[in-house]
Amino acid sequence: MKKPTRVAIAGASGRMGKQLIQTSFNDNQIELGAVFERVGSPLLGADAGELAGLIRNGVKVSDDFAKDNEKFDVLIDFTSPDGTLYYLDFCRKYKKAMVIGTTGITESDKEKINIASAEIAIVMAANFSVGITVLLKLLERVTRVMGNRTDIEVTEAHHKYKTDIPSGTALAMGETIASALDKDLKDCLAYPGGKNISGRESGKIGFTSIRAGDIVGEHTALFIDEGERLEITHKASSRLIFARGALRAASWLNDKPAKLYSMLDVLEMNGD
Ligand code: NAD
């Protein structure tokens, strides 16, 4: 059997951080070596197991990457765009692979991640669920068949604390559709500047977002023609699916050469 992958989790006290700690407990392919929080966090020194509502596991919340760097090989980052860049610098310096789940990262910061991937292996995905990865593949096929003659809408709903709008997953869906139309997303927006000036052209993509309650994540792509409408929906009811996907990505990444990978690579769906 493969040796367990030694991981560290950044953003340990966040919604995803706690879910990752919990999920890693039951994964015999993962060894939790370190957990990180912001410099000066009141949680520094707390036990990671207790923080996640489990039994003590002896891994202490730390803000000292240099000191703890020998305890892990892959860092899993679900923090904020600033947090991702902060940890990216450390991962480059100490040659650690990285799994990046943070969303809302700007194009210029994505370029920094791309440059870093010449030196360290990185898996980055706006959504680590298997279902959304399959959905992105389906979107390519549907768009090629009917994208040019339908009005396309991407709708998404998340809990009220999620800050980025539209969600990273909705944008990934839009980019997948645009790419299947051989276009850039910025050239296919249905309502550029927030206006529907003279009625929309087919093949344009609109986005709608809801931020409310405790919704974990729901995404739908609608392809709307006169007389028929195709809807493809994914609903996440637990953060467990993102944590499982991120831990699977960490395990897969451990022995891979430096490169920027996606969840399609992890699930070996890139050639489909
Ligand atoms: P959260 O606000 O509950 O937790 C964020 C954590 O990151 C906190 O512990 C916070 O202290 C830490 N953090 C934030 N900025 C930091 C910084 N500059 N330096 C160090 N630590 C920092 O958020 P969450 O709901 O856990 O989501 C975190 C990110 O993951 C968001 O971008 C969210 O959209 C994304 N997300 C992605 C997926 C996916 O599958 N890719 C799934 C769920 C959430």
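Look above for the structure.
Residues numbered from 1 in each chain as written. Predicted model: local features only at pLDDT ≥ 70, side-chain atom pairs only at ≥ 80, totals over all residues. Heavy atoms only, no water.

Student: Talk me through the pattern of salt bridges; I want residue IDs and the actual numbers.
Tutor: Under the defined criterion, the tally for this structure stands at 18 salt bridges. Residue Lys110 pairs with Glu107 through a salt bridge whose shortest N-O separation is 3.5 Å. Of this pair, Lys110 and Glu107 both sit in helix α5 (residues 107-116), separated by three residues, roughly a single helical turn. Here Lys110 falls in the partly exposed class, since its relative accessible area comes to 29%. Glu140 serves as the salt-bridge partner of Lys137, at 3.5 Å between the closest nitrogen and oxygen. In this pair, Lys137 and Glu140 are both assigned in helix α6 (residues 130-146), three residues apart and thus about one turn of the helix distant. Taken together, the salt bridges that share partners define one network made up of Arg92, Lys95 and Glu119. (Salt bridge = Lys/Arg side-chain N within 4 Å of Asp/Glu carboxyl O. Helix = DSSP H or I, 4+ residues; strand = E, 2+ residues; numbered from the N terminus. Buried < 20%, exposed > 50% of the residue type's maximum accessible area, 1.4 Å probe, protein only.)

Student: Explain the pairing of strand β4 (residues 74-77) residue by residue, including any values.
Tutor: Of the two faces of β4, the one lined by Val74 and Ile76 and the one lined by Leu75 and Asp77 are each fully buried. Two strands pair when backbone bridges link them, and β4 and strand β5 (residues 97-100) are joined in this way by four bridges, in the parallel orientation. Along β5, the bridge assignment pairs Leu75 with Met98. Each parallel crossover has a hand, and the one from β4 via helix α4 (residues 81-94) to β5 is right-handed. (Pairing = 2+ DSSP bridges. Right-handed = clockwise from strand over helix to strand, strands pointing away.)

Student: Please set out α6 residue by residue, giving values where relevant.
Tutor: Look at α6: 24 Å from first C-alpha to last across 17 residues, which is about the 24 Å you get at 1.5 Å a residue. Three or more residues of α6 are buried, namely Ile132, Thr133, Leu135, Leu136, Lys137, Leu139, Val142, Thr143 and Met146. For α6, the secondary structure elements touched by its buried residues are α7 (168-180), β9 (217-224), β10 (229-236) and α9 (263-266). (Expected span 1.5 Å × (residues − 1). Contact = heavy atoms within 4.5 Å.)

Student: Which residues make up the sheet that holds strand β11 (residues 259-261), and what are the values?
Tutor: With parallel pairing, the seven strands of this open sheet are ordered in space as β3-β2-β1-β4-β5-β6-β11. Looking along the sheet, the strands with just one partner apiece sit at the ends: β3 (61-62) and β11. Sheet topology places strand β6 (residues 121-124) next to β11; three bridges connect them, and they run parallel. Its bridge partner being in β11, Val123 is matched across the sheet by Tyr261. In this fold helix α1 (residues 15-25) packs onto β1 (5-10), β2 (30-36) and β4, with an angle of close to 155° to the strand it touches most, β2. Where α5 meets the sheet, its contacts fall on β5, β6 and β11, and the angle it forms with β6 comes to roughly 145°. (Axes fitted to C-alpha atoms, helices over the stretch in contact; angles between N-to-C directions.)

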